[in-house]
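Structural features, examined
Each chain, written out:
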Amino acid sequence: MNTLRSWRGKTIAVVGTGATVVAGSANAALDGTAVTALETEVLADVATASGAGFTVFTVVIATSVGFALLSKFINKGANG
């Protein structure tokens, strides 16, 4: 389990734990509490990844606009 955690992160470790719990009780119904805990962890990870993605997107767009404005400013100064 530690190998998965250091290799892929928290989501895989939680999925691995959930799979172990379910696989341990063969022919049994899924434990509602375990499924809910797994769902909560996965949704938290998705929210974190989504927030990080939007942050990166914002920085890239701001940098692109900033360089475009700087380029126009330099061109105007050079051309008079």
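As the structure is a computational prediction, the values presented were derived from the model and not from experiment.

Some thoughts on the overall build of the chain
Broken down by element type, the chain carries three helices and zero strands. When the helices and strands of the chain are listed from N to C terminus, the series reads α-α-α. Counting only residues that meet the buried cut, the chain has 8% of its 80 residues in that class. About 6,400 Å² of surface is accessible on the chain, with carbon and sulfur atoms providing 68% of the total.

Considerations on a nonpolar patch on the surface
On the surface, Phe54, Phe57, Ile61, Val65 and Leu69 cluster together to form a nonpolar patch covering roughly 520 Å² of accessible area. In this structure, Val65 sits in helix 3 (residues 32–79).

Quick notes on the confidence of the model for the chain
Overall, the predicted model of the chain reaches an average pLDDT of 76, with 62% of residues at or above 70. Low confidence marks residues 1–8, where pLDDT is under 50. Its contacts with residues over four positions away, or in another chain, come to six contacts.

Cut-offs and rules
- Residues numbered from 1 in each chain as written.
- Predicted model: local features only at pLDDT ≥ 70, side-chain atom pairs only at ≥ 80, totals over all residues.
- Heavy atoms only, no water.
- Helix = DSSP H or I, 4+ residues; strand = E, 2+ residues; numbered from the N terminus.
- Buried < 20%, exposed > 50% of the residue type's maximum accessible area, 1.4 Å probe, protein only.
- Areas by Shrake-Rupley, 256 points an atom, 1.4 Å probe, with all protein chains shown as cover.
- Patch = residues over 30% accessible without salt bridge, like charges linked within 9 Å, V, L, I, M, F, W, Y side chains within 5 Å.
- Salt bridge = Lys/Arg side-chain N within 4 Å of Asp/Glu carboxyl O.
- pLDDT = per-residue confidence, 0-100.
- Contact = heavy atoms within 4.5 Å.

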